[in-house]
Amino acid sequence: TLPLVIKSYGLDYETLLTKLAYLETSSLCIELNEDHKIGLEILAPFINSKQNLDPRIYELYSHLLVRDKKHDESKKILIQANNLYPHTAYILTSLFNLHKNEKDKTVAEKYLLELFKYYPYDLDVISKALGFYQENDNHLTSANIAYLYGLRTHSKQAFQQALSNFLSQNQLKSLFAFKNLL
């Protein structure tokens, strides 16, 4: 038997095999653009083993399932990963993207708001939120997020967009109220 310290560092045989499978799948399917079915075959035994895996493995497997047009299975894998590793940015992002692509706006927004709650300074999250609310014609929320994006990036266009949205909604007072909350 291996000492627990080896297992805690992920140097036990099962974890090393899992990491090798992840690296092989990632190299073949993402970097070398091989057929995604190869990656599914490599990772399936590890996913089906019911052991807690690294969240990146769940995300990669889910990505490969989406390429195989198995969206429901992909959702199940991502939800399982989110339950095991709550508030992980790339898992929440994958869930958001999956629901957004399926035009399920309410569930997509739920994951977006969770992302925004735990990663409010991440520019990728702010950009996703800005794009999502612009696509859904939610001008006031879009204006608030554009203002926030402008604060984070010092972008003149973002400030102009925020001002334009506030003016078009006749909510210029909201800009000043939002500014005082920051």
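This report concerns the structure included in the present document. Quick caveat, the model's predicted, so the values are computed rather than measured.

Let us look at the overall build of the protein. From N to C terminus, the protein includes 11 helices and 0 strands. Helices and strands in the protein line up, N terminus first, as α-α-α-α-α-α-α-α-α-α-α. Over its C-alpha atoms the protein spans a radius of gyration of 20 Å, topping by over 25% the 16 Å that the globule rule assigns to 182 residues. Counting only C-alpha atoms and orienting by the principal axes, one finds that the protein spans roughly 65 × 40 × 25 Å. Nonlocal contacts in the protein, meaning residues at least 24 apart in sequence, comprise 44% of its contacts between residues at least 6 apart. Working note: accessible area of the protein is about 11100 Å², and carbon and sulfur atoms make up 55% of it.

For the rest of this paragraph, the subject is the environment of Asn165. Its location among the elements puts Asn165 in helix H10 (residues 156–168). A relative accessible area of 12% places Asn165 in the buried class. Between the C-alpha atoms of Asn165 and Lys7, which are 158 residues apart in sequence, the distance is 54 Å. Residue contacts for Asn165: discarding those within four places in its chain leaves His139, Ser142 and Ala143.

This part is about a nonpolar patch on the surface. A cluster of nonpolar side chains, Val5, Tyr9, Leu11 and Leu16, forms an exposed patch at the surface whose accessible area comes to about 410 Å². Turning to its location among the elements, Leu16 is positioned in helix H2 (residues 13–31). Residue classification places Leu16 among the partly exposed positions, given a relative accessible area of 35%.

Turning to the nonpolar core, a few remarks are in order. If you look at the biggest cluster of nonpolar residues, it comprises 41 residues, and the most contacted ones within it are Leu43, Ile47 and Tyr61. With sequence-adjacent residues up to four places away left out, Ile47 is seen in contact with Leu53, Ile57, Tyr58, Tyr61 and Ile77.

Looking now at the packing of helix H5 (residues 71–84) against helix H6 (residues 89–101). Two elements in contact, H5 and H6, have axes whose closest approach is 10 Å; the angle formed by their N-to-C orientations is 150°. For the element pair H5 / H6, the angle class is roughly antiparallel. Seen from above, H5 lies across H6 with left-handed handedness. Residue-level contacts link His71, Ser74, Lys75, Leu78, Ile79, Ala81 and Asn82 of H5 to Ile91, Leu92, Ser94, Leu95, Leu98 and His99 of H6.

In this section: the environment of Gly150. Locating Gly150 in the fold gives a position in helix H9 (residues 139–153). Judged by its relative accessible area of 0%, Gly150 is buried. Contact partners of Gly150, with chain neighbours within four places excluded, come to Ser155, Ala158 and Phe159.

So, on to the pattern of salt bridges. Taken as a whole and judged by the stated rule, the model has 5 salt bridges. Across the pair Lys37 and Asp68 runs a salt bridge whose closest N-O atoms are separated by 2.9 Å. Pair noted here: Lys37 is in helix H3 (residues 36–48) and Asp68 is in the loop between helix H4 (55–67) and H5, with a separation of 31 residues, a long-range link. Here Lys100 ties to Glu135 by a salt bridge, and the two come within 3.7 Å at their closest N and O atoms. Note that Lys100 is positioned in helix H6 and Glu135 in helix H8 (residues 123–135), a separation of 35 residues in sequence. Looking at Lys100, the relative accessible area reads 27%, which means it is partly exposed. Since its relative accessible area comes to 54%, Glu135 is described here as exposed. Linked through salt bridges whose partners overlap, the residues forming this network are Lys37, Asp68 and Lys70.

Note on placement: Leu98 falls in helix H6. Expressed as a C-alpha distance, the spacing of Leu98 and Ser74, which sit 24 residues apart in the sequence, is 8.6 Å.

Calculation rules
Residues numbered from 1 in each chain as written. Predicted model: local features only at pLDDT ≥ 70, side-chain atom pairs only at ≥ 80, totals over all residues. Heavy atoms only, no water. Helix = DSSP H or I, 4+ residues; strand = E, 2+ residues; numbered from the N terminus. Rg over C-alpha atoms; globule rule 2.2 N^0.38 Å. Contact = heavy atoms within 4.5 Å. Areas by Shrake-Rupley, 256 points an atom, 1.4 Å probe, with all protein chains shown as cover. Buried < 20%, exposed > 50% of the residue type's maximum accessible area, 1.4 Å probe, protein only. Patch = residues over 30% accessible without salt bridge, like charges linked within 9 Å, V, L, I, M, F, W, Y side chains within 5 Å. Salt bridge = Lys/Arg side-chain N within 4 Å of Asp/Glu carboxyl O. Core = buried A, V, L, I, M, F, W, Y, C linked by side-chain atoms within 4.5 Å. Axes fitted to C-alpha atoms, helices over the stretch in contact; angles between N-to-C directions. Parallel < 35°, antiparallel > 145°, perpendicular 65-115°, else oblique. Left-handed = near helix turned anticlockwise from the far one by under 90°.

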